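Observations on the three-dimensional arrangement
For reference, the chains in residue letters:
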Amino acid sequence: MASLMNLFARTHGLIKIRPTVRVTDNYTLSLVYTPGVGHVCKVIEKDPDLLYDLCITGRSIALITDGSGYEHHDTDELIPNLEFESALYKLFYDLDAYPIILNSKKLDSVEKVISVIDNLSPVYKTQVFIGLSHQNAKYLEEAYKLRSASVIVSHSTTIDQHLSDAALAKALVDSRALLTVAETNHILKEQFTFSGNILDQLVAAYSKYLHDIFKNNLEHKTRKGTDPEVLVNRLRDYFSYGDVINIKEWGQGHQIQNHDNNTNSVHLHNRYGGMIRIETHLQPKSLDLIYGLFGSAIKNNELDQLRKMIREDKSTLKKFTFKKYYAAIITNGTAILGLGDIGPSAGLPVMEGKSVLFNSLGGIDLMPICLKEKNVDKLVELIQIISPIFSSINLEDIKAPECFPVEQRCIESIPIPLMHDDQHGTAVVALAAIINGLKLLGKQPQEMKLVINGAGAAGVAIAKLLHGHGINDIIICDTEGPIYQGRPKNMNPFKDQLASFTNPNKIAGTLKDAVIGRDIFIGVSAPGALTGDMIRTMNKDPFILALANPVPEIMPEEAYEAGAFIVATGRSDFSNQVNNSLAFPGIFRGAIDCSARIINLEMKIAAAHAIADCIPVAELNRFKILPTALAVEIPAAVAKAVVLAAQQTGVAQHVIDAEVVFDRTKKHIIEGYIPKL
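Here's a quick rundown of the structure. None of these values were measured; they are calculated from a predicted model. (Residues numbered from 1 in each chain as written. Predicted model: local features only at pLDDT ≥ 70, side-chain atom pairs only at ≥ 80, totals over all residues. Heavy atoms only, no water.)

Let's shift gears to the pairing of strand β3 (residues 96–101). It is a general feature of regular strands that their side chains alternate between the two faces of the sheet. With six of its six residues buried, β3 lies for the most part within the structure. By the alternation rule, side chains of β3 split into D96, Y98 and I100 and A97, P99 and I101, which are all buried. The pairing of strand β2 (residues 60–65) with β3 spans six bridges and is parallel. Its bridge partner lying in β3, A62 is registered against Y98. (Buried < 20%, exposed > 50% of the residue type's maximum accessible area, 1.4 Å probe, protein only. Helix = DSSP H or I, 4+ residues; strand = E, 2+ residues; numbered from the N terminus. Pairing = 2+ DSSP bridges.)

Next comes the structure, spelled out in structure tokens:
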């Protein structure tokens, strides 16, 4: 029989994240991500209980440790235990268990652990803690009284105890019950012995726990009236037919061509119950075989041996585990797309869609995390606490101005590539558009006069990146008009910083005044903010980037009629789409592959040039200044450019041939993940 140690070594870990739908065309992209996913968010905002059906919540748990129960608990050493547990939950009970390691140095009270549980609960309604010291476990069991998530504190030391925990977790997820630790302990007091027919024993344990939950009326309101035997039979069907039993019908008489993106996106999310899954690298021929493999690993202390190997040689970490490409996308739901503060639960579809794109276009496994916290200090601390297991973090849809200190403080305190994509992804693609636009105009950045409408996350990042690229004459407007030093109204420290390098002539008034004599307009604001009459006051052949979504600041036809030379929007149904999915997969892939400490200005500018250069000069025209979002060479070219820039600026901690990065990234996009031994 193969050992678990050998499997870790041969397959580079036991688990990965897999999209349920692979994005290969713009139409699928519009259902999995924007614009269709925005409607799914609104549906969940209106009825939060639909989260269970439309997203990963209905079949996922968080698997958490602080390492206090292990003799040595350097965070990286704990990864094999979490992968082992996640694979066990998946193989035996079809549960997607997303691993998290807590930074024990930040956990100076049980209240902070409870805060973590509560903040993870918008997505993960069941959370399993493993590897806690007896003292920490006791504190948590006594202190956790909330019902925002069901919590299991595992004390398992045998394979049968691990499977009993997994059976209870499966029963909690399927019943959607929200229990205290005391209640889960009461149900879990009956442990099972998995001998004889392993399949029957797995079903029997699950059935017992599930019936206990329903008998005590602890199931969620959406499960009232459900016969528990229906759920038990579904588990039996899973063992016979596999994941196909989890895929729902499209709907009676539903024909995709007869519905818009919004309706089809909701149906697609409902069909799969979310856009991502945990997948194991193991393909066991029987449950008995995998039961023997996992049981032997526990009996022979193979995980202890693997932790020791990692402790003695850190280079084995990325060879033996999934650490290298396991990342997080984190939001607090305060600025979801153009929908505003709709809350963390309603923002989950966007995070899942982004996870699909990271995986499909960059080979990165992205765990969606939607936190409740809005206070800057507490949000930063939460991100620091949950960060140790991740190779990189993408901050997403956090509103301005809070997003600025959150990102900066996280960059300073967490030594992995970290970026708020709403700021920098949009800015990188906007710069790529301008680079190619200037090629057509035959001008240099220093010659251009720029006006930006919108001083939120994207607007601020665009101003800084374009200034770093050489555009010096910049005016940026907010709802009060142009920002300038000494403006008496609606200023803050972040706008003061903007004013230090923009609008030196202190032009005041409104956007109408700011656009006069400008060469470039970039809008990250609101529909209808720019008019044809305003464009007519700009310099000859102006360049218009109207990026408000889903309705731009001005429609392309009107902008062209007013004299615009080039018009770009954020929409896929118009030419020249400024889509940040051109940037973020390659930026993160490159940063991870060279172990960059940070994602710096030079790496972002290099990414923009890589995107721009994907269109040969001979093929550039005013209606084609950017490549399409799904062009296979884009993420590979961006990753290569980012690696080179990181190495040249001294932030790369790992020497790797940029051509190798290009090759591997492109092959992944073509083939998807193919396990290798």
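Once that is clear, we can look at the sheet that holds β2. Strand order across the open sheet formed by four strands is β3-β2-β4-β5, with parallel pairing between neighbours. The open sheet has two edge strands with one neighbour each: β3 and β5 (150–153). Along the sheet, successive strands turn relative to each other by an average axial angle of 25 degrees, direction set aside. In terms of strand pairing, β2 meets strand β4 (residues 126–129) through three bridges, oriented parallel. If you follow I64 over to β4, its bridge partner there is F129. (Axes fitted to C-alpha atoms, helices over the stretch in contact; angles between N-to-C directions.)

Bringing helix α25 (residues 584–593) into the picture now. For α25, the tally of buried residues reaches ten of ten residues, placing the bulk of the element in the interior. Listed in full, the buried residues belonging to α25 are F584, P585, G586, I587, F588, R589, G590, A591, I592 and D593. One or two positions beyond α25, positive phi appears at S595, with a value near 50 degrees.

To continue, consider the packing of aromatic side chains. Throughout the structure, instances matching the rule amount to eleven aromatic pairs. Ring centres of F358 and F584 lie 4.9 Å apart, and the angle between their planes is 25 degrees; on these two criteria the pair is classed as stacked. Of this pair, F358 sits in helix α16 (residues 348–362) while F584 sits in helix α25; the two residues are 226 residues apart in sequence, bridging distant segments of the chain. Using a relative accessible area of 1% as the deciding quantity, one classes F358 as buried. A ring pair is formed by F358 and F588, whose centres lie 5.3 Å apart and whose planes are at 65 degrees; its orientation type is edge-to-face. Remark: F588 occurs in helix α25 and F358 occurs in helix α16; sequence separation between them is 230 residues. There is no split in this pair, since F358 and F588 are both buried. Clustering of aromatic rings is evident, with ring pairs tying together F84, F92 and F294. Between the NZ or CZ atom of K354 and the centre of the ring of F584, over which it lies, the distance is 4.4 Å. (Phe/Tyr/Trp six-rings, centres within 6.5 Å; stacked < 30°, edge-to-face > 60°. Lys NZ or Arg CZ within 6 Å of the ring centre and 35° of its normal.)

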